[in-house]
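The lines below spell out each chain.
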Protein chains: 2
Amino acid sequence: MLLSKILILILLLFLLNIIEVESTDQKYSLETRYIEVPLDHFSAVPSPTFFKLRYLINSKYHVRGGPIFVYTGNSVDISIIAQNTGFMFDIAPVFNALLVFIEHRYYGQSLPFGNASFSSPENMRYLSSTQALADYASVIEYLTRSFYENVITYDTYPVVAFGGSYGGMLAAWLRMKYPYSVIGAISSSAPMFYFPGMTNCDLFYDKVTQVFEKFGREQCVKAIKLGWDVIINLSKTKLGMDFISTTWKLCGRLKGPEDTETLLNWLSKIYVNIALANYHYPTDLYTPLPAYPVKVFCDKLTTSYFNDTKGLIEHFSHALEIYTNYTGKRVCNNINSTYDDYTEFAYDYQQCTELIMPKCSTDADMFMTKPWDYEKYSMDCYKKFGVRTLPPDWGLIAYGGKNLKYYSNIVFSNGMMDPYSCGGVTGNMSATVWAFNISDAPHQVDLRNSDVADNNYILGARSFYIQAIKQWLNMA
Amino acid sequence: MLLSKILILILLLFLLNIIEVESTDQKYSLETRYIEVPLDHFSAVPSPTFFKLRYLINSKYHVRGGPIFVYTGNSVDISIIAQNTGFMFDIAPVFNALLVFIEHRYYGQSLPFGNASFSSPENMRYLSSTQALADYASVIEYLTRSFYENVITYDTYPVVAFGGSYGGMLAAWLRMKYPYSVIGAISSSAPMFYFPGMTNCDLFYDKVTQVFEKFGREQCVKAIKLGWDVIINLSKTKLGMDFISTTWKLCGRLKGPEDTETLLNWLSKIYVNIALANYHYPTDLYTPLPAYPVKVFCDKLTTSYFNDTKGLIEHFSHALEIYTNYTGKRVCNNINSTYDDYTEFAYDYQQCTELIMPKCSTDADMFMTKPWDYEKYSMDCYKKFGVRTLPPDWGLIAYGGKNLKYYSNIVFSNGMMDPYSCGGVTGNMSATVWAFNISDAPHQVDLRNSDVADNNYILGARSFYIQAIKQWLNMA
């Protein structure tokens, strides 16, 4: 009787979210917390609307007096980020650091209007990098204050920001805009200069091509290039479309030019993602992947497919499974952006408003030739979200473009085989704003956990970050 | 016939605002321009709403290659500010500088929704310091770009920010938040630390009292102190209220406790404004005033008014006219905040949302004893504007509170006889963030035009600013 009462109590606590449990397949253990942050940090709204922002915390290595390492969440569920940022866990014991991963608003569980967060432009308007930065500054102020019992100062509790990709931009911007909030920032693979007028639009796909050329066989890039025309030609007949649909196990059959367009975009995206995640061991960031997925992908495309349409489509089917079905569990491939996944929708919105990164492909790369068309881009965005892109000089006004000489205590790292490195900071900007370029490395590998297969380039980068943080904390 | 047509055309051009004329009683000649700025810099709104922001420009002293001196408009019509910031005109020839005065949104002519700008919380929500700063950064980006023919960089065209009072806070914040936008800032009389938890609430009225003690006779402060009880006692009867109403030439007769409350607040405000504008020559900032208005005011209160209610009220009547009717043109005194004047309403809104400067009076000062009551303040704001005050730690999170050590190239000046100096930066904060304290000086006298009666303290301050600007421009 007593036992059943206890069981009911435990069940209730679970339902009320008072007991948080981590699923056992998680590598790193983290406690989930929530904090109320203002919906709009920059305007007074009739009712002071707050919403719950999620953050994850690990105090296993923390010793009082040690710093707080904060990950400035990017465009994914924060728990995925935490599990893929082993570097912070690896070095926490060295610094007695408390680890905190703050979720970006409108991602994961940090939805200001719950399920209605994406239902209208009015509900989405609070999704922006500037609002997210103010969230982070607020959470940090709260964390440092709560540790020091309402002393109104940041000074006594040093905080270091970490972030990769868009999260790396946020880490750097947090140091730039709120320097009293964080003592320094490790900004990995952040395309800081990837704004209109600052980075040439052809560099991104060119770098993806370089990754395939370096890690795959020569035949691979040729096959990919040939593939665009083959698909377009096959798509002209029902027979051809059915052949692709069946061979590639598409969930829906191709039915016309619009589906073909979708298929081509889906392919492009897979090439990009394989290049970004071309890690030297198996990972599960976008999807489960083998070590060096570019190589594994390319190993399936072994011959010249000139005049061998059937062979090309069939071999591609095997190659694509590296990305789409590495675990062998998937029944069919969905090429549509259905937006069941909020994450993708939210990031698309950000790319349509402020984070406009011009991409174009030319004859020199392995992608279908496509110019950068700001007008079309802006119009597509308007159709999709009902809002216009911000003016092209927004990135310059809001974040200073390439003028980073006034700032301090930031390390910008870039993998030299990361497509986004084309918009990265690859040279020192001031006496303490440094660039660290990692040869051969893909996107944000440096923030991952240490691995026996890590090469000296990666080890060197991490050692550099540790020294930088020690310097910021006056430990050097 | 032709002449009349020309006259009609000229009249039309006037009405259409195509011909801009400066009224001849203006000291400094300025050209009026407008620029479209985003209504919301931090959110994508369904339609990309822009509105016209006004700025004034003077290119008389400008030589190509010279810097731009930008005044970051504060809570008044920008043309009033320009006419009261002679220092920028005085030093422009030394630097070959272009002068630009940017109006703060929701003040003067820069009303996002025209006459409806203050009609609802929804229309007022874009009134904030953070939005204003983004306006200034946008205008500066536009100005520097247009001068250098679309080169996407700020670097080639140095801009120095100037501002007094709230405008001084904005000048400093602009350098802090957008350092690539301005190379340095002269921030005069800016109560940077006047936020909840940072500055004691009793210091402001205490400083006002010091000004009256220093510049007025001893009887004056005693009379003012006595005055509160005298007014309250008189207000208990119709006879007493009528006596005050008649003697002080109030536009409406006092009718009860609410009117008395209004009258007491009106008096407090006059004391504060006289202290703020206690310049050593006649000025016309808030209202036309003689030189040393505190002294002139106090000279009217010559005896002890103990047991002389009639004498006190009558002598006060003459003293108050120094402020209310120095030109002798006013028929009666309106003690109500009628809010015909948008300026006052807009700044009240800002003081109710973000610029919360706690003030209290104690037995030690000459004001009526009044505690600081955040709850009441917040509730009054809600009644007035339908919005709540931002959280008390907003100033710390948004602008870093007293943590200014990470910044560079700012001069903070404070008049030591300026009530707002209690919340000012009066000590150096970093290697190039300096404080300059001006003995005896009132509010923002240093930014006014040079005058034969300026003392060495003021001359010293201005000379210091010139040296600082030369250093920022590598001219030193």
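As recorded in an unreviewed UniProt entry, chain A goes by the name Lysosomal Pro-X carboxypeptidase, listed as coming from Psylliodes chrysocephalus. As recorded by UniProt, the Subcellular location (unreviewed entry) comment attached to chain A reads in full: "Lysosome".

Quick look at the packing of aromatic side chains now. Residues and elements named next belong to chain A. Tallied over the full model, the rule gives 77 aromatic pairs over all chains. Taken together, a centroid distance of 6.1 Å and an interplanar angle of 90° make the contact between Phe212 and Phe297 edge-to-face. Of the two residues, Phe212 is situated in helix 7 (residues 203-215) and Phe297 in helix 11 (residues 293-299); the sequence distance between them amounts to 85 residues. Judged by relative accessible area, Phe297 falls into the buried class, the value being 0%.

Another aspect to go through is the relation of the copies chain B and chain A. Each copy of the sequence occupies a distinct position, and chain B is placed on chain A by a rotation of 180° and an axial shift of 0.0 Å, giving an RMSD of 0.0 Å. On this basis, the relationship between the two copies can be described by a two-fold rotation axis. Within chain B, Lys177 of chain B has its C-alpha nearest the rotation axis, a separation of 2.8 Å. Of the interface residues in chain B, 100% have counterparts in chain A that sit at the interface too, so the contact is made through matching surfaces.

With that settled, consider the state of the cysteines. This structure, assessed with the given rule, holds eight disulfides over all chains. Each sulfur in the disulfide pair Cys352 of chain B and Cys381 of chain B lies 1.9 Å from the other. Handedness of the Cys352 of chain B-Cys381 of chain B disulfide follows from its S-S torsion of about -80°: it is left-handed. Of this pair, Cys352 of chain B sits in helix 13 (residues 342-353) while Cys381 of chain B sits in helix 14 (residues 374-385), and the two are 29 residues apart along the sequence. The pair formed by Cys352 of chain B and Cys381 of chain B is uniform in burial state, with each residue classed as buried. Each bonded cysteine of chain A gets a number by its place in the sequence, and the pairs then read 1-7, 2-4, 3-5, 6-8. You can see Cys422 of chain A has no disulfide; the closest cysteine sulfur is in Cys201 of chain A, sitting 10 Å from it.

The rules we used
- Residues numbered from 1 in each chain as written.
- Chains lettered and ligands numbered in written order.
- Predicted model: local features only at pLDDT ≥ 70, side-chain atom pairs only at ≥ 80, totals over all residues.
- Heavy atoms only, no water.
- UniProt positions renumbered as here; feature names shortened; annotations may be inferred.
- Phe/Tyr/Trp six-rings, centres within 6.5 Å; stacked < 30°, edge-to-face > 60°.
- Helix = DSSP H or I, 4+ residues; strand = E, 2+ residues; numbered from the N terminus.
- Buried < 20%, exposed > 50% of the residue type's maximum accessible area, 1.4 Å probe, protein only.
- Least-squares fit on C-alpha atoms with pLDDT ≥ 70 in both.
- Contact = heavy atoms within 4.5 Å.
- Disulfide = S-S within 2.5 Å.

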